[in-house]
Amino acid sequence: MPILHAASALLPAGWRSEVRLTLENGAIAAIEMGVPPRDGDERHAILIPAIANVHSHAFQRAMAGLAEIRGEGTDTFWTWRETMYRFALTMTPDDVEAVASQLYVEMLEAGFAAVAEFHYLHHAPDGSPYASPAEMADRIVAATRAAGIGLTLLPVFYAHSTFGGAAPKPEQKRFITDVGAFQRLVEDCRRTVKGRPNEAIGVAPHSLRAVTPGELSEVVAIAGDGPIHIHVAEQVKEVEDCVAWSGARPVRWLLDHAAVDDRWCLVHATHMDEGETRDAANSRAVAGLCPITEANLGDGVFNAEQYLRQGGRFGIGSDSNVSIGAGAELRQLEYAQRLKARARNVLASRGGSSGRTMLDAVSSGGSQALMRRSGRLATGAVADIVALSSDHPTLAGKAGDQILDAWIFSAGNGAVSCVWSGGQKVVVDGRHVSRDPIGSKFRTTMRRLSEP
Ligand code: NGQ
Ligand code: ZN
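Residues numbered from 1 in each chain as written. Chains lettered and ligands numbered in written order. Predicted model: local features only at pLDDT ≥ 70, side-chain atom pairs only at ≥ 80, totals over all residues. Heavy atoms only, no water.

Peer 1: Could you clarify how one ought to interpret the overall build of the chain in this entry?
Peer 2: Looking only at helices and strands, the chain features 14 helices and 17 strands. In terms of C-alpha radius of gyration, the chain reaches 21 Å, essentially the compact-globule figure of 22 Å for 452 residues. By its C-alpha atoms, the chain is 65 × 45 × 45 Å across when sized along the principal axes. Within the span of the chain, comprising 452 residues, buried residues form 58% of the whole. Total accessible area on the chain stands at roughly 17700 Å², and carbon and sulfur atoms take up 49% of it. Across the chain, 45 positive and 52 negative side-chain charges occur, with their mean positions spaced 3 Å apart. (Helix = DSSP H or I, 4+ residues; strand = E, 2+ residues; numbered from the N terminus. Rg over C-alpha atoms; globule rule 2.2 N^0.38 Å. Buried < 20%, exposed > 50% of the residue type's maximum accessible area, 1.4 Å probe, protein only. Areas by Shrake-Rupley, 256 points an atom, 1.4 Å probe, with all protein chains shown as cover. Lys, Arg positive; Asp, Glu negative; His and termini not counted. Charge placed at Lys NZ, Arg CZ, Asp CG, Glu CD.)

Peer 1: Is there a simple way to explain the site of ligand 1 in this structure?
Peer 2: As a structural note, the neighbourhood of ligand 1 is formed by 16 residues, with Gln60, Tyr120, Tyr158, His206 and Glu234 the closest of them. Contact between ligand 1 and His57: an oxygen atom at 3.4 Å from a side-chain N or O atom of the residue. One nitrogen or oxygen atom from the side chain of His206 is found 2.7 Å from an oxygen atom belonging to ligand 1. When the free accessible area of ligand 1 is taken as 340 Å², the share hidden by the protein chains comes to 100%. Looking at which element gives the most residues to the shell around ligand 1, the answer is helix α1 (residues 77-88), with five residues. (Near = heavy atom within 4 Å. Polar contact = N/O pair within 3.5 Å; in protein donor to acceptor, adjacent residues only side chain to side chain.)

Peer 1: Please explain the pairing of strand β1 (residues 3-11) as it appears in this structure.
Peer 2: Taken across its nine residues, β1 has eight buried, putting it largely inside the fold. Here β1 pairs with strand β2 (residues 14-24) via eight bridges, running antiparallel. Among the inter-strand pairings, His5 is bridged to a residue of β2, identified as Arg20. Examined bridge by bridge, β1 and strand β4 (residues 42-49) share five bridges and lie parallel to one another. Within β4, the residue paired with Leu4 across the bridge is Glu42. (Pairing = 2+ DSSP bridges.)

Peer 1: Explanation requested: the environment of Phe59 in the structure shown.
Peer 2: You can see Phe59 is positioned in the loop between β5 (51-56) and α1. For the pair formed by Phe59 and His119, sequence separation is 60 residues and the distance between their alpha carbons is 9.1 Å. In this structure Phe59 touches Met84, Ala88, Met91, Val96, Val99, Tyr120 and Leu121, once residues within four positions along its chain are discounted. (Contact = heavy atoms within 4.5 Å.)

Peer 1: Teacher, can you tell me more about the pattern of salt bridges here?
Peer 2: Pairing between side chains of opposite charge can happen when the charged atoms of each approach one another. Scanning the entire structure with this criterion turns up 24 salt bridges. A salt bridge links Asp188 to Arg191; its shortest N-O distance comes to 2.6 Å. Taken together, the positions of Asp188 and Arg191, both in helix α4 (residues 179-193) and three residues apart, correspond to about one turn of that helix. We note a salt bridge from Arg356 to Asp401, for which the minimum N-O separation is 3.0 Å. Here Arg356 is found in helix α12 (residues 354-370), whereas its partner Asp401 is found in helix α13 (residues 401-411), with 45 residues between them in sequence. By relative accessible area, which is 17% here, Arg356 ends up buried. Relative accessible area serves as the criterion here: at 23%, Asp401 is assigned to the partly exposed category. In the salt-bridge network here, residues are joined through shared partners; they are Arg20, Glu32, Arg38 and Asp41. (Salt bridge = Lys/Arg side-chain N within 4 Å of Asp/Glu carboxyl O.)

Peer 1: Help me understand the coordination of the zinc ion (ligand 2), please; the structure alone is not making it clear to me.
Peer 2: Ideal geometry at a metal centre gives angles of 109.5 degrees when four donors are arranged tetrahedrally and 90 or 180 degrees when six donors are arranged octahedrally. The protein atoms donating to the zinc ion (ligand 2) are His55 (NE2), His57 (NE2), His231 (NE2) and Asp319 (OD), with metal-donor distances spanning 2.0 to 2.8 Å. Coordination at the zinc ion (ligand 2) comes from four donor atoms whose angles at the metal span 82 to 167 degrees, giving a geometry best classed as irregular. (Donors = N, O, S within 2.8 Å, 3.2 Å for Na, K, Ca; no water. Tetrahedral: all angles 85-135°; square planar, octahedral: opposite > 155°, others 65-115°.)

Peer 1: Honestly, the packing of aromatic side chains in this entry has me stumped. Any pointers?
Peer 2: Aromatic ring pairs are described here by two measures, namely the spacing of the ring centres and the angle between the planes. Per the stated rule, a full pass over the model turns up twelve aromatic pairs. Where Phe77 meets Trp78, the ring centres are 4.7 Å apart and the plane angle is 85 degrees; that geometry is what we call edge-to-face. Relative accessible area serves as the criterion here: at 19%, Trp78 is assigned to the buried category. Taking 5.8 Å as the distance between ring centres and 35 degrees as the angle between the ring planes, the aromatic pair formed by Phe77 and Trp80 counts as tilted. Remark: Trp80 and Phe77 occur in helix α1; sequence separation between them is three residues, near one turn of the helix. Comparing Phe77 with Trp80 shows no difference in burial state: the two are buried. Aromatic rings pair up to connect Phe59, Tyr85, Tyr120, Tyr158 and Phe175 into one cluster. We note Lys237 situated over the ring of Trp78; from NZ or CZ to the ring centre the distance is 5.6 Å. (Phe/Tyr/Trp six-rings, centres within 6.5 Å; stacked < 30°, edge-to-face > 60°. Lys NZ or Arg CZ within 6 Å of the ring centre and 35° of its normal.)

Below, the structure is given as structure tokens:
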């Protein structure tokens, strides 16, 4: 039963000094404040809640750095997607497991203790189901277990190439299922995670492009009590196509046709008008913002100021996994808002720190979106914890919220020293405990994937 002692810890009520946390069965069993360390306590300078990553496509980690060459015309999300589809067609189950394992090591080293994996690479490269239809999902689960990251697995239902039930494209063949096969996949996945405290399961209708209204209700029913994640309103063309199909913008259509509530995560929700922003905020759903990917793909800028003013909830995800950093995602989130508003400290309220405001929001938003009792250093919470290093030059002399601002806006991943996921300590002094073996397998896989 490890006991952690922190000179300074961020508790739900704020920063406290001389904090002792007792971990038991993956959770925080007790918290004492204002007490000196005792013999045997593991001593740390700064402890904060780890972040839950609300949106990841693990296999896309293998593409990092391979989609930054300009083509003949204007490069867009849609040309990126063609490259991504070609890449997706080359990866075997072993490749996906090796890539995902490396990714999850990097997430942990960056301060994420759990991930919602939006998993849609279901079938063999020729589009036929594997002998075990959950083969690829099992590889994701194996990778999370190898890295020791908490998982909310989101098997994806993907059936069409665009609005109105259009036939899928040949290059989407690894993703496509019907509702019956999808239900069986979800049941297989439920069996896999059953009784594992660090794992949960939900469903993900991919987007309003990829599911019909009838399929959407069937998929939502399959979710049971679990979370429901969907991509929505990421690209302007997607908004235009949705209006052409239904007369309504995507977020409006979704709010009007599905019982969107706190089980939902609306991934991106980049393009919302004022009414959609207000109603999305009131729905209590989490907006799954992926600031680095949204910048990389040229998606646009989320209407965060109004959304937050109206009490909207959000989490952060690393989506395409082009680069991994919990602090870096928050930095990009605030910077996009600054560039848009031509102002500074946009997301914080008067007198508040930008870092603290964002960390508080994504701690509760992430926990809600993953349905994981994490995001707080509190008795009974899942022990997802980050120790920041007071030795990092940037953190010298910082106290309270300055620590968070220094981490997010300056130091980045280098400030993360130790990370616990579900009570297991998997990052020690900035290094994941299996960084070397997982990294070496990943490098071998990448060299093979890049052979002509
Ligand atoms: C995805 N990515 O599911 O990986 C999508 C592209 C699609 C983003 N939306 C695939 N960023 O939209 O069909
Ligand atoms: Zn996505």
